[in-house]
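The residues making up each chain are set out below.
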Amino acid sequence: MDYSAQALFEILNESDECDWLEAKGGHESSHSIMETVCSFSNEPGLGGGYILMGVAEDEESEGERYKVVPIDDPDKAQKDVATQCASMFNFPVRPSVKVDKINGDTVLKIRVSELPAKQKPLFFKADRLPKGAWRRIGATDQRCTEDDMHIFYQNYSSYDTIAV
């Protein structure tokens, strides 16, 4: 299902972040955003997820949990996300990155698809495996360990099932 940024914002305020939805303030580090891209791409059976960039937790408000922190230069933000997704990982990731509005304020809606099993694990080139791979566990991005690697390298076929 394709959600609008407004619909995602309402979900955040009704139920908080979850395994398929993450809020990122407009000024959060690009590495933090890329960790979430990596986890949505890697988590088996998740189907990917959404990052709503320009939305942050509102610790002072007694009403809504989240507030819009408008993105000053959405064109630059889109280019940065697309460029980093194409260059930081062991192979390029191509998320859908769209400028959208929430209550008239500019945000980015980033849709990341889960990768096919044969392309997993996605990992940061600079960090290698297992440290450079991330998984989505609940509403958190978790760095992979050696124990996580078996999930990505399970192969249920054996040479006994292959035609000679």
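Going by the structure above, here's the rest.
Anyway, here's the lowdown on the structure attached to this text. Just so you know, these numbers come straight off a predicted model, no measurement behind them.

### Quick notes on the overall build of the chain
Along the chain, the regular secondary structure elements total four helices and eight strands. Its helices and strands taken in sequence order, the chain reads α-β-α-β-β-β-α-β-β-β-β-α from the N to the C terminus. Seen along its three principal axes, the alpha-carbon backbone of the chain occupies a region of about 65 × 30 × 25 Å. In the chain, which comprises 164 residues, the share counted as buried stands at 43%. Summing over all exposed atoms, the chain offers an accessible surface of approximately 9,000 Å²; the carbon and sulfur share of this is 48%.

### A word on the environment of proline 44
In this structure, proline 44 sits in the loop between helix H2 (30–42) and strand E2 (49–53). Separated by 45 residues in sequence, proline 44 and phenylalanine 89 place their C-alpha atoms 18 Å apart. Each residue touching proline 44, except ones within four places of it in the same chain, is listed here: Glu114, Lys120, Arg135 and Ile151.

### What about the sheet that holds E2?
An order of E1-E2-E6-E5 is seen for the four strands of this open sheet, with the pairing classed as mixed. Two strands close off the open sheet at either side, each with one partner strand: strand E1 (21–24) and strand E5 (96–102). Strand-to-strand twist of the sheet, defined as the mean angle between neighbouring strand axes without regard to direction, takes the value 25 degrees. Taken together, the four bridges between E1 and E2 define a ladder with parallel strand orientation. Bridge pairing in E2 links lysine 24 to methionine 53.

### Some points on the packing of aromatic side chains
Applying the stated criterion across every chain, the model contains four aromatic pairs. Measuring from ring centre to ring centre gives 5.3 Å for tyrosine 3 and tryptophan 20, while their planes differ by 20 degrees; the resulting arrangement is stacked. Residue tyrosine 3 is found in the segment before helix H1 (5–15), and its partner tryptophan 20 is found in the loop between H1 and E1; the two are separated by 17 residues along the sequence. When its relative accessible area of 24% is taken as the criterion, tryptophan 20 is described as partly exposed. Among the aromatic side chains, those forming a connected cluster through ring pairs are Tyr3, Trp20 and Tyr50. The positively charged end of arginine 111 is found above the aromatic ring belonging to tyrosine 50, 5.1 Å away from the centroid.

### A look at the pattern of salt bridges
Tallied over the entire structure, the rule returns ten salt bridges. Two residues, lysine 120 and glutamate 114, come together in a salt bridge whose shortest N-O distance is 2.6 Å. Here lysine 120 falls in the buried class, since its relative accessible area comes to 10%. The salt bridge involving arginine 136 is made with aspartate 141; its shortest N-O contact spans 2.8 Å. Each member of the pair arginine 136 and aspartate 141 is classed as buried. Here the salt bridges share partners, and the residues they tie into one network are Glu22, Lys24, Arg136 and Asp141.

### Comments concerning H1
If you check which residues of H1 are buried, you get Ala5, Leu8, Phe9, Ile11, Leu12 and Asn13. Residues of H1 that are buried make contact with E1, E2, strand E3 (55–57), strand E4 (66–68), E5 and strand E6 (105–112). A positive phi of about 80 degrees marks aspartate 16, the residue just after H1.

### A look at the packing of H2 against helix H3 (residues 74–87)
It is at 11 Å that the axes of H2 and H3 come closest, and there the two elements cross at 60 degrees. In this view, H2 runs oblique relative to H3, as classed from their interaxial angle. In the crossing of H2 with H3, the sense of the turn from one axis to the other is right-handed. When H2 is examined against H3, the residues Ser30, Met34 and Val37 are found in contact with a partner set consisting of Val81, Gln84 and Cys85. Residues that form the contact of H2 with H3 fall into these classes: four nonpolar, two polar and no charged.

Procedures and definitions
- Residues numbered from 1 in each chain as written.
- Predicted model: local features only at pLDDT ≥ 70, side-chain atom pairs only at ≥ 80, totals over all residues.
- Heavy atoms only, no water.
- Helix = DSSP H or I, 4+ residues; strand = E, 2+ residues; numbered from the N terminus.
- Buried < 20%, exposed > 50% of the residue type's maximum accessible area, 1.4 Å probe, protein only.
- Areas by Shrake-Rupley, 256 points an atom, 1.4 Å probe, with all protein chains shown as cover.
- Contact = heavy atoms within 4.5 Å.
- Pairing = 2+ DSSP bridges.
- Axes fitted to C-alpha atoms, helices over the stretch in contact; angles between N-to-C directions.
- Phe/Tyr/Trp six-rings, centres within 6.5 Å; stacked < 30°, edge-to-face > 60°.
- Lys NZ or Arg CZ within 6 Å of the ring centre and 35° of its normal.
- Salt bridge = Lys/Arg side-chain N within 4 Å of Asp/Glu carboxyl O.
- Parallel < 35°, antiparallel > 145°, perpendicular 65-115°, else oblique.
- Left-handed = near helix turned anticlockwise from the far one by under 90°.
- Nonpolar A, V, L, I, M, F, W, Y, C, P; charged D, E, K, R; others polar.

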